[in-house]
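Analysis of the macromolecular model
Single-letter residue listing:
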Amino acid sequence: MKRLLLLILTLVTALAGIGQQYQPEKVNAKAVKLYEQAIEAARADDFKKGIDLLKQAVQVSPDYADAWLSIAGMYGELKDYDNAIFHYEKARAIDSMYFRDYNLPYSINLAGKGRFADALAAVNKFSTINDLNESSLKAAAYRTRCYRFAVDESQKPALQQYQFQPINLGDSVNTAVSEYFPSLTIDNEQLIFTRRVNNNNEDFFETKKKADHWTTARGLTGAINSNLNEGAQTLSQDGEWLIFTGCNFPDGLGSCDLYVSFLGADGWSEPENLGNRINTEFWESAPSLSPDKKDLYFASRRSDGYGGSDIWVSHLQPNGRWTEPENLGPEINTSGDETCPFIHADNQTLYFVSNGLQGYGGDDLFMARKGPKGNFSLPRNLGYPINTIENEGSLVITADGSTAYYAADQADSRGGLDLYTFTMRPDVRPIKTLWIRGKVFDANTKKGLPSSMELTDISTRQVISQVQTDETGNYLITLPVGRDYAFNVNRKGYLLFSERFALSEKAPDSTYHIDIPLQPITANASVVLKNIFFETNSTVLNEKSQVELDKLVQMLKDNPSIGIQINGYTDNIGKAADNLKLSNGRAQSVVTYLIKNGIDAKRLKFQGFGADKPIADNKTEEGRAQNRRTEVIVL
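First, a word on what this report is: a plain description of the structure on this page. (Residues numbered from 1 in each chain as written. Predicted model: local features only at pLDDT ≥ 70, side-chain atom pairs only at ≥ 80, totals over all residues. Heavy atoms only, no water.)

**Some details on the packing of helix α2 (residues 29-43) against helix α4 (residues 65-77)**
Each pair of packed helices can be summarised by the angle the axes make with each other and by the distance between the axes. Under the convention used in this document: Angles shown run from 0 to 180 degrees and are taken between the N-to-C directions of axes, each axis being a line fitted to C-alpha atoms and, for helices, limited to the stretch in contact. Under the scheme used here, helices are H or I runs from DSSP no shorter than 4 residues and strands are E runs no shorter than 2 residues, and both carry numbers assigned from the N terminus. Note on angle classes: values under 35 degrees are labelled roughly parallel, values over 145 roughly antiparallel, values of 65 to 115 roughly perpendicular, and the remainder oblique. By definition, any crossing whose near helix is turned counterclockwise from its far helix by less than a right angle is left-handed, and any crossing with a clockwise turn is right-handed. By definition, residues are in contact when any of their heavy atoms lie within 4.5 Å.
Relative to each other, α2 and α4 sit at 20°, their axes nearing to 11 Å. Judged on the interaxial angle alone, α4 and α2 are roughly parallel. Classified by chirality, the crossing of α4 by α2 is left-handed. Contacts between α2 and α4 involve Y35, A38, I39 and A42 on the former and, on the latter, D66, A67, S70 and M74.

**Structural notes on helix α8 (residues 116-127)**
This is how it is decided: By this rule the span expected of a helix is its residue count minus one, scaled by 1.5 Å.
The terminal C-alpha atoms of α8 lie 16 Å apart, and with 12 residues this matches the ideal 16 Å at 1.5 Å per residue to within 8%. On its buried face, α8 is in contact with α7 (103-112) and α9 (134-153).

**Looking at the sheet that holds strand β33 (residues 604-608)**
Our working rule: Two strands qualify as a pair provided DSSP detects at least 2 bridges between them.
Read across the open sheet, the four strands follow the order β31-β34-β32-β33; overall the sheet is mixed. Of all strands in the sheet, those with a lone pairing partner are β31 (526-529) and β33, marking the two edges. Recorded for the sheet is a direction-independent mean angle of 20° between the axes of neighbouring strands. Inspection of the sheet shows strand β32 (residues 564-568) paired to β33 by five bridges, in the parallel sense. By the bridge assignment, G568 is partnered in β33 with G608. This element, helix α11 (residues 546-558), spans β31, β32, β33 and β34 (630-634) of the sheet and lies at about 155° to β32. Lying on the sheet, helix α12 (residues 576-596) is in contact with β32, β33 and β34; it crosses β33 at an angle near 160°.

**Quick look at unusual backbone geometry**
Heads up, the rule is: Relative accessibility thresholds used throughout: buried, under 20% of the residue-type maximum; exposed, over 50%; partly exposed, between the two (1.4 Å probe, protein chains only).
Cis geometry marks the peptide bond from Y384 to P385; its omega dihedral reads 10°. With respect to the helices and strands, the residue P385 is situated in the loop between β19 (380-381) and β20 (395-397). The phi dihedral of N248 is positive, around 60°, even though this residue is not glycine. Taking relative accessible area as the criterion, N248 reaches 59% and is therefore assigned exposed. Phi at K293 takes a positive value of approximately 65°, unusual for a residue other than glycine. Along the chain, K293 turns up in the loop between β12 (284-289) and β13 (295-300).

**A word on the packing of aromatic side chains**
Defined as follows: Put simply, two rings from Phe, Tyr or Trp (the six-membered ring, in Trp's case) pair if the centres are within 6.5 Å, and we call them stacked under 30 degrees between planes, edge-to-face over 60, tilted for the rest.
All told, the structure shown has 30 aromatic pairs when counted by the stated rule. Here the aromatic rings of F164 and F422 are separated by 5.0 Å at their centres, their planes lie at 70°, and the arrangement is edge-to-face. Here F164, found in the loop between α10 (157-161) and β1 (167-168), pairs with F422, found in strand β22 (residues 418-423); they are 258 residues apart in sequence, far enough to count as distant. Ring centres of Y569 and F609 lie 5.2 Å apart, and the angle between their planes is 15°; this geometry places the pair in the stacked category. With Y569 in the loop between β32 and α12 and F609 in the loop between β33 and α13 (621-627), the pair connects residues that are 40 residues apart, well separated along the chain. Neither Y569 nor F609 differs from the other in exposure class; each is buried.

Here is the structure:
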């Protein structure tokens, strides 16, 4: 009997709760006055004052649902999702029917905390309301798509295991004003960024890495900063070019144009407009320069795109002019906005921001990889929590692919946007990239030589980087790991320089410094071709040799008056007579290739030397590999 009575009392209490209705007209007048003052504070964007007043109101009138809802809304404006959720649920407990209309903003705050399944359930409840207007229906449909996408993505193991822990770069970099658009040199030693100064002006600042900290940021020296807006920049990997967005400049072709400045002895040069191929009457911004300085990616609102802002690329020609920009196509661009491209040092992985591709809400970060023919793959969302329901901005990633820098407004921000760093999730990292730095010079005079350099994937014959040294011969070229590369330096009047980097099986631990003495083309000058390959115990050229052989053809065409001899060598494994025959046949195969590609046979000779004239010890495999070589000698 006692148990039955308890059950009846419980049912009566539950039914009373269901029937309870919030009655705004019965709220205490003092609480209403505090509520009105809070709304005025919110209109002035003083949400903290508004929250304080509303908390006083609910102390006076604990069942004041509108006050609880407004506290939640103001916390949502401050991106304090935990407090927003708590106060929405306080209001829901007062009257769940009255709360129905607030399930949409409630869902947004749940999603802000990454609770996407709960957010989806909340927006589904909102969508059951019968008399929703068209605007509410569209908003609900949009959030439903985002939450479903997020729920599906959250099942992926890579996202479940990832710990996202952004670190503020600290007081030497960040200030009470906003810092954003970070850009790095390839050695991670210099960081240049945009800072908003005097409320409405943008200038460039730099900081340098010293041990484990960044130095106090200072404005760039030279003629680059002005009282106009300079921002949204890209720094070349060698730190010598800065291409940036200049808005409302006197010589501008549109509202915002792209400009370039060069680093010299006196700092950064006077900015130069990139001209009417890059810039239009429309908006151009957010440039990103490829590591070889040959490709310029940027965002533009020019009229012949796919809608909104699109990403375009222009190529630097040998005459120093940029080509007409090419749209990256419908795989990357949408009817929405795509912007903030960043091409990594691997020259293959592109990161960008889009609100037209499916994401978590607002602007999300995506990545795509360039294929052998230069086309990009379909974009991939970087996932939560790198992407959130808020608008994400630009990021840059170090050459090793493990560390990213970006701007954000976090709880520990010094003011506005601050610069942060975080560890990239492994499955969305670019290809780990090392680099070669050095100087090209005349082997006899030691004078620096401006020269063209090329890094080619031996397997695919895809050119990864093309670099022109500066006027004194200095160069920097990137070297993505995981593949085998041919590295060639070519200059008219000099022998081809050949090097090979075998990184497909083992990644080296350090970068390279290679000074390259080019041999003038004189009688008896010689060079070993490092990227000529033959099938085992055969004179048949492996197709991987084509990259190097084509360079040799080009050298001979550039210097039509010379004749050469191809010398072949083997290691000492096997019979001497067999080795001699093999080396002679291999040298002949090279000559045959040259003839087939337009070189006069009268300019060519060949000879095999077998295991004679070793250049390394045949006792080790490494030494034997060096002895198996193809050599070019000028006759």
